Amino acid sequence: MNSAPLPLRRRRRTNGLLGLAAWLCGIAFFLPVAWMVLTSFHGETDAATNPPSIAAPLSLHGYREFFGEGSGISPWPPLINSLTASVVSTLLVLALAVPAAYALSIKPVRKWSDVLFFFLSTKMLPLVAGLLPIYLVAQNAGMLDNIWLLVILYTSMNLPIAVWMMRSFLAEVPVEMLEAASIDGAGLTTTLLRIVAPVALPGIAATALISFIFSWNELLFARVLTGVVAGSAPVFLTGLVTSQGLFLAKVCAAATVISLPVLIAGFAAQDKLVQGLSLGAVK
């Protein structure tokens, strides 16, 4: 006979149901990804069957087609373009967001809440609404189909959310450490690099990872503002949908390869990401 109090039994039952719901949601989100990876290792004939066959023979045909066998079209230039734009823009975002968040949290400026609202208001405009003005400016400046145009756009797009995230992270830095550094004569640069950065490293990693993911997955601006030279990986992926039809094995192989940098970055910074996103949580 269960001798536990009734409220405790109810709490355990509720926690069990919530845990089961969390597992079901996780499986529901993971199944399409697992299906995509499995389909990428099938031949085109087996991938196109309806319903798809799980026990179909495995093949690397989709990956060979993606890497240019037969067509001669290499995916490496778009992949390098996406990596360049994502990494450079993420570094610029961190270089700008950390001092801005420092000024808004540790050394607050006047009307800092208005400043934060201004940053947030820049995300309220739909991206497509600013597409035509940006296109005209880029055309007049001769920057169409230029990778540095994507770097500038991705930096400006990710900076507001990065400032908001970094402000909440830097607010957790102990004031006593900053006061001790000030007494020792540390300047702003020394304080940021040697005091603030090590303490807020999980938050910096979380912000960098989210900025990288947003930049890597961006399609609208890359599709309209680039062409042959500066086309990104998502643009290359959309080019696989041709008038001849949709070759599922090749598309799934391409989607798997293009997803790998984000997955690798997520696993590499997994501990820092969890710590960073849990900063400021109510315990």
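Above this text is the structure in question.
Here the structure is a predicted model, which is why all the values come from computation and not from measurement.

**Q** Can you tell me about the overall build of the protein, naming the residues and giving the values?
**A** Assigned secondary structure in the protein consists of 14 helices and zero strands. Helices and strands appear in the protein in the N-to-C order α-α-α-α-α-α-α-α-α-α-α-α-α-α. Expressed as lengths along the three principal axes of its C-alpha atoms, the size of the protein is roughly 80 × 70 × 35 Å. Carbon and sulfur atoms make up 70% of the accessible area of the protein, which totals about 16900 Å². Positive and negative side-chain charges of the protein, numbering 16 and 12 respectively, have mean locations separated by a distance of 14 Å.

**Q** Tell me about the environment of Leu-193, and please be specific about residues and values.
**A** Position of Leu-193 among the secondary structure elements: in helix α9 (residues 188-199). By relative accessible area, Leu-193 is classed as exposed at 61%. For the pair Leu-193 and Leu-159, spaced 34 residues apart in sequence, the C-alpha separation works out to 20 Å.

**Q** Kindly report on the packing of aromatic side chains, identifying the contributing residues and their values.
**A** When we look at a pair of aromatic rings, we describe it by the centre distance and by the angle of the planes. Using the criterion set out here, one finds five aromatic pairs in the structure. Their ring planes at 70° and their centres at 4.9 Å tell us that Phe-66 and Phe-67 sit as a pair that is edge-to-face. On the basis of relative accessible area, Phe-66 is assigned to the buried category, the value being 1%. Given a relative accessible area of 36%, Phe-67 falls into the partly exposed group.

**Q** Please provide a residue-by-residue account of helix α13 (residues 248-268), values included.
**A** For α13, built from 21 residues, the straight-helix expectation of 30 Å at 1.5 Å per residue is met to within 8% by its first-to-last C-alpha distance of 30 Å. At Leu-260, α13 is deflected by roughly 35°, the largest bend along its length, and proline Pro-261 occurs up to four residues later in sequence. For α13, every residue scored as buried is listed here: Ala-249, Lys-250, Val-251, Cys-252, Ala-253, Ala-254, Ala-255, Thr-256, Val-257, Ile-258 and Val-262.

**Q** Lay out the nonpolar core in plain terms, naming residues and giving numbers.
**A** With 27 residues, the main nonpolar core has Ile-106, Val-163, Met-166, Leu-170 and Val-196 as its most contacted residues. Sorting the residues of this core by element identifies α4 (76-105), α5 (112-121), α7 (147-170), α8 (175-183), α9 and α10 (201-217) as the ones contributing at least two each. In this view, Met-166 contacts Ala-97, Val-98, Ala-101, Gly-203, Ile-204 and Thr-207; residues no more than four positions away in its chain are not counted. Membership of the second largest hydrophobic core comes to 15 residues, among which are Ala-138, Ile-147, Phe-221 and Ala-230.

**Q** Could you give me a rundown of the side chain of Thr-207, with the residues and numbers involved?
**A** Mapping Thr-207 onto the fold places it in helix α10. Discounting residues that sit within four places of it in the chain, Thr-207 has contacts with Leu-94, Ala-162, Met-165, Met-166 and Phe-169.

**Q** Any chance you could break down unusual backbone geometry for me, citing the residues and the numbers?
**A** Not every positive phi belongs to a glycine, and Asp-145 is a case in point at roughly 60°. Relative to the helices and strands, Asp-145 resides in the loop between α6 (131-140) and α7.

**Q** Kindly report on the side chain of Ser-232, identifying the contributing residues and their values.
**A** Within the secondary structure layout, Ser-232 lies in the loop between α11 (220-225) and α12 (233-238). What makes Ser-232 buried here is its relative accessible area of 4%. Not counting chain neighbours up to four residues away, the residues in contact with Ser-232 comprise Pro-78, Ser-82, Glu-218 and Ala-222.

**Q** Give me the lowdown on the packing of α7 against α10, citing residues and values where you can.
**A** At a minimum axis separation of 10 Å, α7 and α10 run at an interaxial angle of 155°. It follows from the interaxial angle that α7 and α10 lie roughly antiparallel. Read as a crossing pair, α7 and α10 show a hand that is right-handed. Every residue of α10 that contacts α7 at Tyr-154, Asn-158, Ala-162, Met-165, Met-166 and Phe-169 is listed here: Gly-203, Ile-204, Ala-206, Thr-207, Ile-210, Ser-211, Phe-214 and Ser-215. A breakdown of the residues in the contact of α7 with α10 according to their chemical character gives nine nonpolar, five polar and no charged.

**Q** Account for a nonpolar patch on the surface, naming residues and giving values.
**A** On the surface, Phe-117, Leu-120, Met-124, Ile-161, Trp-164 and Phe-214 cluster together into a nonpolar patch covering about 580 Å² of accessible area. Taken together, the elements giving at least two residues each to the nonpolar patch come down to α5 and α7. Note that Leu-120 resides in helix α5.

Parameters and conventions
Residues numbered from 1 in each chain as written. Predicted model: local features only at pLDDT ≥ 70, side-chain atom pairs only at ≥ 80, totals over all residues. Heavy atoms only, no water. Helix = DSSP H or I, 4+ residues; strand = E, 2+ residues; numbered from the N terminus. Areas by Shrake-Rupley, 256 points an atom, 1.4 Å probe, with all protein chains shown as cover. Lys, Arg positive; Asp, Glu negative; His and termini not counted. Charge placed at Lys NZ, Arg CZ, Asp CG, Glu CD. Buried < 20%, exposed > 50% of the residue type's maximum accessible area, 1.4 Å probe, protein only. Phe/Tyr/Trp six-rings, centres within 6.5 Å; stacked < 30°, edge-to-face > 60°. Expected span 1.5 Å × (residues − 1). Bend = angle between axes of the 7 residues up to and from the residue. Core = buried A, V, L, I, M, F, W, Y, C linked by side-chain atoms within 4.5 Å. Contact = heavy atoms within 4.5 Å. Axes fitted to C-alpha atoms, helices over the stretch in contact; angles between N-to-C directions. Parallel < 35°, antiparallel > 145°, perpendicular 65-115°, else oblique. Left-handed = near helix turned anticlockwise from the far one by under 90°. Nonpolar A, V, L, I, M, F, W, Y, C, P; charged D, E, K, R; others polar. Patch = residues over 30% accessible without salt bridge, like charges linked within 9 Å, V, L, I, M, F, W, Y side chains within 5 Å. Salt bridge = Lys/Arg side-chain N within 4 Å of Asp/Glu carboxyl O.

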